[in-house]
Amino acid sequence: MTGHDHDHDHEPITNGGEPLAAARVRALAGVLVEKGVLTREDLRRRMDWLVSRSPSDGARLVARAWVDPEFKQRLLADAREAALELDLDPGPSPVVVALENTEDVHHMVVCTLCSCYPKALLGPPPDWYKSLPYRSRAVSDPRGVLREFGVELGDDVDVRVVDSTADIRYLVIPCRPAGSEAMPEGELAPLVTRDSMIGVGQPVVASGPSPGR
Amino acid sequence: MTYAVGQRVRVSARSHEGHHRTPGYVKGQAGTISRVHAAYPNPETRAYGATGLPEQQLYLIALASDTKNHVYVDVFGHWLEEAK
């Protein structure tokens, strides 16, 4: 190894070996391009689109639903149309279904088979969402999982875990937090976190100044 | 066979060689139709290069539960059976 000459011993510091999955994806992409199924440009556009998506889009839908009951009904009836109404890009996913949390019912979303997620409205899923512990425990011990995320629900609250195993993507409309009654839509949207739209968090009104302001 | 919201069903306990979207933990479970989604191409054939036609009706099933914890899961109609 060049340029590394000092008086202690350790293995060379590298980025580590390429994970097997990455090698497989690279090989698969190579074959698909070679066979003309897709182009490098298609792949790049798709990746650029995915990383350009963000939970702030979903948050705009939720904030509007909090202040406009008729919009909330349209969001519950057809989330794709509601997204288009706000000039948001609902993406290629055919159907997004919005689930409303109330004082009595709390929804949380999982994909026990893989990582199905409303990427167009929330961006790429967090790593934990794709992890085996979350995927298995969400359905076997939802309240335990929620507690670990800091969500304590009363014994009388119905917890509904929704397993998105097929073509539908689910987006949770969390409860509007106490203390936000006088806040306008533009101040509500930043309260709507990614986790609250997966159903493992609850929006809160910060008591101090919020970060990034 | 199609099902309506509120109808009681059971998820087939059959095994299936190859790709399918019915998780093992729901097989054999009783439940109720909660939502009737649209019909979608069948992932069991589409995964192998076929068209997935005919499309299969997709349902959201509320699995039976005697606690305040409930699991809802999307299951294709050809995995459902009538339950008494």
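It should be emphasised that the depicted structure is a prediction, and the values quoted were computed from it without experimental measurement.

J.: Hey, could you go over the overall build of chain B for me, with residue numbers and the actual values?
T.: Along chain B, the regular secondary structure elements total one helix and five strands. Starting at the N terminus, the α and β elements of chain B follow one another as β-β-α-β-β-β. Taken against the 2.2 N^0.38 rule, which gives 12 Å for 84 residues, the C-alpha radius of gyration of chain B at 13 Å falls within 12% of a compact globule. Here chain B holds 84 residues, and 27% of them are scored as buried. Within chain B, residue pairs in contact and separated by at least 24 positions form 52% of the contacts whose partners lie at least 6 positions apart.

J.: Describe the interface of chain B and chain A, listing the residues and the values that go with them.
T.: Contacts between the two partners involve 15 residues from chain B and, on the opposite side, 19 residues from chain A. For the side of chain B that touches chain A, the secondary-structure elements that each account for two or more residues are β2 (30-40) and β4 (69-76) of chain B. Sort the elements by how many residues they give to the side of chain B that touches chain A and β4(B) lands first, with seven residues. Classifying every residue of the side of chain B that touches chain A by side-chain character gives nine nonpolar, three polar and three charged. Pairing of strand β3 (residues 158-163) of chain A with β4(B) involves five bridges; the strand directions are parallel. Its bridge partner lying in β4(B), V162(A) is registered against Y72(B).

J.: Please provide a residue-by-residue account of the sheet that holds β4(B), values included.
T.: With mixed pairing, the seven strands of this open sheet are ordered in space as β2(A)-β3(A)-β4(B)-β3(B)-β2(B)-β1(B)-β5(B). The open sheet has two edge strands with one neighbour each: β2 (105-110) of chain A together with β5 (80-82) of chain B. Pairs of neighbouring strands in the sheet enclose a mean axial angle of 35°, with direction left out of account. Relative to strand β3 (residues 56-63) of chain B, β2(B) is paired through seven bridges, and the arrangement is antiparallel. Along β3(B), the bridge assignment pairs I33(B) with I61(B). Strand contacts of helix α8 (residues 132-140) of chain A: β2 and β3 of chain A together with β4 of chain B, with the helix running at about 150° to β2(A), the strand carrying the most contacts.

J.: Can you tell me about the environment of D141(A), naming the residues and giving the values?
T.: Residue and element names in this part refer to chain A. Inspection of the secondary structure puts D141 in the loop between α8 and α9 (142-148). Residue D141 is classed as partly exposed on the basis of its 13 C-beta neighbours within 10 Å. When the C-alpha atoms of D141 and D89 are compared, they prove to be 34 Å apart, with 52 residues separating the residues in sequence.

J.: Provide a residue-level description of the pairing of β2(A), including the pertinent values.
T.: Working note: regular strand, side chains alternate between the two faces of the sheet. Residue and element names in this part refer to chain A. The buried fraction of β2 amounts to five of the six residues, a majority that puts the element mostly inside the structure. Of the strand pairs in this sheet, β2 and β3 are connected by six bridges, and their pairing is parallel. Its bridge partner being in β3, H106 is matched across the sheet by V159.

J.: How would you explain the confidence of the model for chain B if you had to name every residue and give the values?
T.: Low pLDDT means the predicted atomic positions in that stretch should not be read closely. Per-residue confidence for chain B gives a mean pLDDT of 95; residues scoring 70 or more make up 100%. Across the predicted assembly, pTM comes out at 0.88 and ipTM at 0.96.

J.: Residue-level account of the domain arrangement of chain A, with values.
T.: According to the domain assignment, chain A contains domain 1 (20-51) and domain 2 (54-198). Centre-to-centre separation of domain 1 of chain A and domain 2 of chain A, based on C-alpha positions: 30 Å.

J.: So what about the pairing of β4(B)? Which residues, and what values?
T.: Residue and element names in this part refer to chain B. Taking burial as the measure, the eight residues of β4 include six buried ones, the bulk of the element. Pairing between β3 and β4: five bridges, direction antiparallel. Looking across to β4, one finds that L58 is bridged to F76. The antiparallel pairing of β3 with β4 creates a hairpin that spans five residues between the two strands.

J.: Pulling in residues and values, what's your account of the packing of helix α3 (residues 55-67) of chain A against helix α4 (residues 69-77) of chain A?
T.: Packed helix pairs are specified by the crossing angle of their axes together with the interaxial distance, meaning the distance between the axes. Residue and element names in this part refer to chain A. In the contact formed by α3 and α4, the axes pass within 5 Å of each other and the chain directions differ by 130°. For the element pair α3 / α4, the angle class is oblique. Considering the relative orientation of α3 and α4, their crossing is left-handed. From α3, L61, R64 and A65 reach across to α4, where they touch F71, K72 and L75. Split by residue class, the contact of α3 with α4 holds four nonpolar, no polar and two charged.

J.: Tell me what's going on with the nonpolar core, and back it up with residues and numbers.
T.: Side chains that are nonpolar tend, in soluble globular proteins, to be buried together. Grouped together as the largest cluster of nonpolar side chains are 61 residues, with contacts concentrated most on V62(A), V161(A), I61(B) and V75(B). The biggest single contributor to this core is α3(A), with six residues.

What counts, and at which threshold
Residues numbered from 1 in each chain as written. Chains lettered and ligands numbered in written order. Predicted model: local features only at pLDDT ≥ 70, side-chain atom pairs only at ≥ 80, totals over all residues. Helix = DSSP H or I, 4+ residues; strand = E, 2+ residues; numbered from the N terminus. Rg over C-alpha atoms; globule rule 2.2 N^0.38 Å. Buried ≥ 20, exposed ≤ 12 C-beta atoms within 10 Å, placed from the backbone. Contact = placed C-beta atoms within 7 Å. Nonpolar A, V, L, I, M, F, W, Y, C, P; charged D, E, K, R; others polar. Pairing = 2+ DSSP bridges. Axes fitted to C-alpha atoms, helices over the stretch in contact; angles between N-to-C directions. pLDDT = per-residue confidence, 0-100. Domains from an automatic or database assignment. Parallel < 35°, antiparallel > 145°, perpendicular 65-115°, else oblique. Left-handed = near helix turned anticlockwise from the far one by under 90°. Core = buried A, V, L, I, M, F, W, Y, C linked by C-beta atoms within 7 Å.

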